[in-house]
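Chain by chain, the residues run as shown.
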Amino acid sequence: MRIISGTAKGRKLATPLDDRVRPTTDRIRESLFSILGSFEDCTVLDAFAGTGALGCEALSRGATRVCFADNAAASIALVTDNVARVHAEDRAEIIHGSYELALRRMSFDPDVVFLDPPYNQGLTNAALEVLANAPRITAGALVVCEQHADEPPCQHPAFTLDDERLYGSVRLRLFLRNDDE
């Protein structure tokens, strides 16, 4: 795995030693970030961070702050290593715990949320429900969901589907938080 673009372009990222963590592939990350465009002056929550590749890519592309959250100690170690590899320790908040804990502890309201939970466990819709009720997720916030293509597509009435792409066995769904008014 490498950073695709930005200040850390080409830098290798630490990868998991086993298959308990499934990083988003370089090809899918490249396509996703091509769709998303600039991350200048953007804040990000990388929920279910795993290796932190999505958040590190955002940091390399100019995100001002990224909060990484993961329950697994091995993932937190990978995230910490990868944030150091992209020289962004001063712009990262790393929380060993759930994304719900991160939503309470992080120092900013995210403009973008990456949801890439383990596949086929129903976690994406559950996370969308939590985000729908989180005051930090304000109108216009973008939520990027990665799922296995065989899973029922995630959805929630608090979010409007903005884009959907299939990459082999991976489905990406991009949602915008509805205006509550």
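The structure this text deals with has already been given above.
Reading the values: the criteria
Residues numbered from 1 in each chain as written. Predicted model: local features only at pLDDT ≥ 70, side-chain atom pairs only at ≥ 80, totals over all residues. Heavy atoms only, no water. Helix = DSSP H or I, 4+ residues; strand = E, 2+ residues; numbered from the N terminus. Rg over C-alpha atoms; globule rule 2.2 N^0.38 Å. Contact = heavy atoms within 4.5 Å. Polar contact = N/O pair within 3.5 Å; in protein donor to acceptor, adjacent residues only side chain to side chain. Core = buried A, V, L, I, M, F, W, Y, C linked by side-chain atoms within 4.5 Å. Buried < 20%, exposed > 50% of the residue type's maximum accessible area, 1.4 Å probe, protein only. Pairing = 2+ DSSP bridges. Phe/Tyr/Trp six-rings, centres within 6.5 Å; stacked < 30°, edge-to-face > 60°. 1 Å grid on protein atoms, 1.4 Å probe; cavity = no way out; pocket = protein on both sides within 12 Å on 5 of 7 lines; lining within 4 Å. Points joined across faces, edges and corners; volume = space filled by probe spheres on them.

J.: Got a sec to walk through the overall build of the protein? Specific residues and values, please.
T.: Each helix and strand in the protein was counted, giving 5 helices and 7 strands. Order of helices (α) and strands (β) in the protein, N terminus to C terminus: α-β-α-β-α-β-α-β-α-β-β-β. For the protein, the C-alpha radius of gyration of 15 Å lies close to 16 Å, the compact-globule estimate for 181 residues. C-alpha atoms of the protein, sized along the principal axes, occupy 40 × 35 × 30 Å.

J.: Go over the environment of Glu 164 with me, naming the residues and quoting the values.
T.: Mapped onto the elements, Glu 164 comes out in strand β6 (residues 159-167). Spatially, the C-alpha atoms of Glu 164 and Phe 175 are 8.9 Å apart, while their sequence positions differ by 11 residues. Setting aside its immediate chain neighbours within four residues, Glu 164 contacts Arg 171, Leu 172 and Arg 173. In this structure the side chain of Glu 164 is engaged in a polar contact, spanning 2.8 Å, whose partner is the side chain of Arg 171.

J.: Would you mind going over the nonpolar core in detail, with residue names and values included?
T.: Core analysis: the biggest nonpolar cluster contains 33 residues, and Leu 32, Leu 36, Phe 39, Val 44, Ala 58, Phe 68 and Phe 114 have the highest contact counts within it. Looking at this core, the elements with two or more residues in it are α1 (26-36), α2 (53-60), β2 (65-70), α3 (73-85), β4 (112-115), β5 (142-148) and β7 (170-177). Considering every element that reaches this core, the biggest residue donor is α2, with 5 residues. With near-sequence residues (within four places) excluded, Phe 39 lies in contact with Phe 33, Val 44, Ala 58, Arg 61, Gly 62, Ala 63, Val 112 and Phe 114. Of all hydrophobic cores here, the second largest spans 27 residues; its members include Val 113, Leu 131, Ala 141 and Cys 154.

J.: Describe the pairing of strand β3 (residues 92-96), listing the residues and the values that go with them.
T.: In this sheet, β3 lies alongside β2 in parallel orientation, the contact comprising 5 bridges. Paired with Val 66 across the strands is Ala 92, a residue of β3.

J.: I'd like a description of the packing of aromatic side chains, backed by residues and values.
T.: Considering all chains together, one arrives at 5 aromatic pairs under this definition. Here Phe 33 and Phe 114 contribute two aromatic rings whose centre-to-centre distance is 5.8 Å and whose plane-to-plane angle is 50°, an arrangement assigned as tilted. Of the two residues, Phe 33 sits in helix α1 while Phe 114 sits in strand β4, which places them 81 residues apart along the sequence. For Phe 114, a relative accessible area of 0% corresponds to the buried category. Measuring from centroid to centroid gives 6.4 Å for Phe 39 and Phe 114, while their planes differ by 25°, and the two rings are stacked. Highlighted residues: Phe 39 in the loop between α1 and β1 (43-47) and Phe 114 in strand β4, separated in sequence by 75 residues. Residues Phe 39 and Phe 114 agree in their burial class; the two are buried. Put simply, the rings of Phe 33, Phe 39 and Phe 114 touch in pairs and so form one group of aromatic residues.

J.: Please set out empty space enclosed by the protein residue by residue, giving values where relevant.
T.: Evaluated as defined, the whole model comprises 1 cavity of 30 Å³ or more. The calculated volume of the largest cavity comes to roughly 40 Å³. Taken together, Thr 24, Leu 32, Leu 54, Phe 114, Leu 115, Asp 116, Val 144, Glu 146 and Leu 172 make up the lining of the largest cavity. Elements represented by at least two residues in the lining of the largest cavity include exactly β4 and β5.

These figures come from the coordinates and say nothing about function on their own.
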